[in-house]
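Working through the structure, step by step
Each chain, written out:
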Amino acid sequence: MTGNDNPYAGSFGNQMSASASFGGQPVAAAPAGGDLIKETTTANFSKDVLDASRQQPVLVDFWAPWCGPCKQLTPVIEKVVTEAAGRVKLVKMNIDDHPSIAGQLGIQSIPAVIAFVGGRPVDGFMGAVAESQIKQFIEKVAGPAVDDSKAEIEAALADAKGLLETGDAENAAGLFGAVLQADPDNVVAIAGMVDCMITLGQLAEAREALSGLPEDLAKDAGIGAIAKKLDQIEEARKLGDPNALEQRLAANPDDHEARMMLAKIRNVEGDRDGAADHLLTIMKRDRAFDDDGARRELVSFFEVWGPKDPATIAARRKLSSILFS
């Protein structure tokens, strides 16, 4: 699914019209290559290399205009450093014009690349090595690459879930929408957005969004749980007055049909413990009712609530005591 046919981007009120940003902060762009690559002199070496290496690793490329292998290495190392997007800097030093630093480091052959970290030389290589070797060298001195955009998306999803759990579906939708603009196939954000629609009572829009998903996304467990939640809400709306069902139960506690319907209503009202207790009561009184329908309904509740929900944990414990007593 591309951004152009993303059913959520730009469609959820004003919350969905923002650019891809998280917590109001735009995704940081990688520094330009010119900020990462520079020439230095003997006088500026301390500032450009030693001081700078206390902030991030600095690679110093010792070269000379007459050096053929230097000319081979230059475009490759500059390309790799630029692609590293700020993980390291590259400082170039012409040893013909500035020979003293190379002499102090004992460099006798060029090209030579020395990595500085924390103000000290820590590693290096000589010769016009392959691009893959330069990448490995950077990973060695700077550590594995971190996908900042992925970290920002994960943080945005966590914030959105927190907002939704507290009932702030509007602002949660804004964060889910921002994630979907950056990653249209993010199933967690899709499920969260549909959950926001459900919370805001936009059931028809939620159903339309789910029905328009590609088959591979629709099969995701999180999407399936939201679809089941919507099914449960739509079914409960057809079950009548809960007060009338309570009266039926007061007159006949073994009216399992009324108890089953009341459990479904209490579930969508948010009374998860009450809904579970009704189904567990049916199981205690008549396991055969509706071909063990109370247990099957309770399992469907668990799928929507999630395995870590306190109501799921409590009801599973009670269920086990019934099944294995």
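Residues numbered from 1 in each chain as written. Predicted model: local features only at pLDDT ≥ 70, side-chain atom pairs only at ≥ 80, totals over all residues. Heavy atoms only, no water.

For the rest of this paragraph, the subject is the overall build of the chain. Along the chain, the regular secondary structure elements total 16 helices and 7 strands. For the chain, with 325 residues in total, the buried portion stands at 42%. Put simply, the chain shows about 16,800 Å² of open surface, and 50% of that area lies on carbon and sulfur atoms. (Helix = DSSP H or I, 4+ residues; strand = E, 2+ residues; numbered from the N terminus. Buried < 20%, exposed > 50% of the residue type's maximum accessible area, 1.4 Å probe, protein only. Areas by Shrake-Rupley, 256 points an atom, 1.4 Å probe, with all protein chains shown as cover.)

We now examine the layout of surface pockets. By volume, the largest pocket is sized at about 970 Å³. Lining of the largest pocket is provided by 31 residues; of these, Asp195, Ile226, Lys229, Arg272 and Val304 occupy positions nearest its centre. Put simply, the parts of the chain that give the lining of the largest pocket at least two residues each are helix H6 (148-165), helix H8 (187-199), helix H11 (221-236), helix H13 (256-269) and helix H15 (293-305). Of the residues forming the lining of the largest pocket, the biggest block, 7 residues, is contributed by H8. Looking at the lining of the largest pocket, its residues break down into 13 nonpolar, 8 polar and 10 charged. (1 Å grid on protein atoms, 1.4 Å probe; cavity = no way out; pocket = protein on both sides within 12 Å on 5 of 7 lines; lining within 4 Å. Points joined across faces, edges and corners; volume = space filled by probe spheres on them. Nonpolar A, V, L, I, M, F, W, Y, C, P; charged D, E, K, R; others polar.)

Moving on, we come to the pattern of salt bridges. Scanning the entire structure with this criterion turns up 23 salt bridges. Here aspartate 123 makes a salt bridge to lysine 140, at a shortest N to O gap of 2.9 Å. In this pair, aspartate 123 is assigned in strand E7 (residues 120-126) and lysine 140 in helix H5 (residues 131-142), connecting sequence segments 17 residues apart. Residue lysine 140 is classed as exposed on the basis of its relative accessible area of 62%. Each of Lys79, Glu83, Glu131 and Lys135 takes part in one network of salt bridges that share partners. (Salt bridge = Lys/Arg side-chain N within 4 Å of Asp/Glu carboxyl O.)

Attention shifts here to the side chain of histidine 98. Looking at the secondary structure, you find histidine 98 in the loop between strand E5 (89-94) and helix H4 (99-104). Side-chain polar atoms of histidine 98 contact the side chain of threonine 42, separated by 3.3 Å. (Polar contact = N/O pair within 3.5 Å; in protein donor to acceptor, adjacent residues only side chain to side chain.)

What follows concerns unusual backbone geometry. Of the consecutive residues isoleucine 110 and proline 111, the connecting peptide bond is found in the cis state with omega at 0°. Of note, proline 111 is situated in the loop between H4 and strand E6 (112-117). Positive phi outside glycine occurs at aspartate 291, with the angle close to 55°. Of note, aspartate 291 is situated in the loop between helix H14 (272-285) and H15. Relative accessible area serves as the criterion here: at 64%, aspartate 291 is assigned to the exposed category. For aspartate 292, which is not glycine, the phi torsion reads 60° and is therefore positive. With a relative accessible area of 14%, aspartate 292 lands in the buried category.

With that out of the way, let us pick up the packing of aromatic side chains. For the structure shown, the criterion picks out 4 aromatic pairs. When the centroid spacing of 5.0 Å and the interplanar angle of 85° are considered together, the rings of phenylalanine 125 and phenylalanine 137 count as edge-to-face. Highlighted residues: phenylalanine 125 in strand E7 and phenylalanine 137 in helix H5, separated in sequence by 12 residues. Here phenylalanine 125 matches phenylalanine 137 in class, with each residue buried. Through a chain of ring-to-ring contacts, three or more aromatic side chains come together here, namely Phe301, Phe302 and Trp305. (Phe/Tyr/Trp six-rings, centres within 6.5 Å; stacked < 30°, edge-to-face > 60°.)

Here we take up the side chain of asparagine 94. Here asparagine 94 shows up in strand E5. Apart from the residues within four sequence positions on either side, asparagine 94 is in contact with Trp63, Ala64 and Pro65. (Contact = heavy atoms within 4.5 Å.)

This part is about the packing of H13 against H14. Between H13 and H14, whose axes approach to 7 Å, the crossing angle comes to 155°. On the basis of the axis angle, H13 is roughly antiparallel to H14. Seen from above, H13 lies across H14 with left-handed handedness. Across the interface between the two elements, His256, Arg259, Met260, Leu262, Ala263, Arg266 and Asn267 of H13 pack against Ala275, His278, Leu279, Thr281, Ile282 and Arg285 of H14. When grouped by side-chain class, the residues that make up the contact of H13 with H14 number 6 nonpolar, 4 polar and 3 charged. (Axes fitted to C-alpha atoms, helices over the stretch in contact; angles between N-to-C directions. Parallel < 35°, antiparallel > 145°, perpendicular 65-115°, else oblique. Left-handed = near helix turned anticlockwise from the far one by under 90°.)

Glancing now at the state of the cysteines. Evaluation of the coordinates by the stated rule reveals 1 disulfide. The residue that forms a disulfide with cysteine 67 is cysteine 70, at a sulfur-sulfur distance of 2.4 Å. Of note, the bridge from cysteine 67 to cysteine 70 carries an S-S torsion of about 80° and is right-handed in sense. For cysteine 67, a relative accessible area of 3% puts it in the buried group. Its relative accessible area of 3% is what places cysteine 70 among the buried residues. (Disulfide = S-S within 2.5 Å.)

It is worth spelling out the pairing of E6 at this point. Buried residues dominate E6, accounting for 5 of its 6 residues. Pairing geometry for strand E4 (residues 58-63) and E6, over 5 bridges, is antiparallel. Note that in E6 the partner of leucine 59 across the bridge is alanine 115. Note that E6 and E7 share 6 bridges and pair antiparallel. Residue pairing for E7: isoleucine 114 is matched across the bridge by glycine 124. Adjacent in sequence and paired antiparallel, E6 and E7 are bridged by 2 residues, among which glycine 118 carries a positive phi angle near 65°. (Pairing = 2+ DSSP bridges.)

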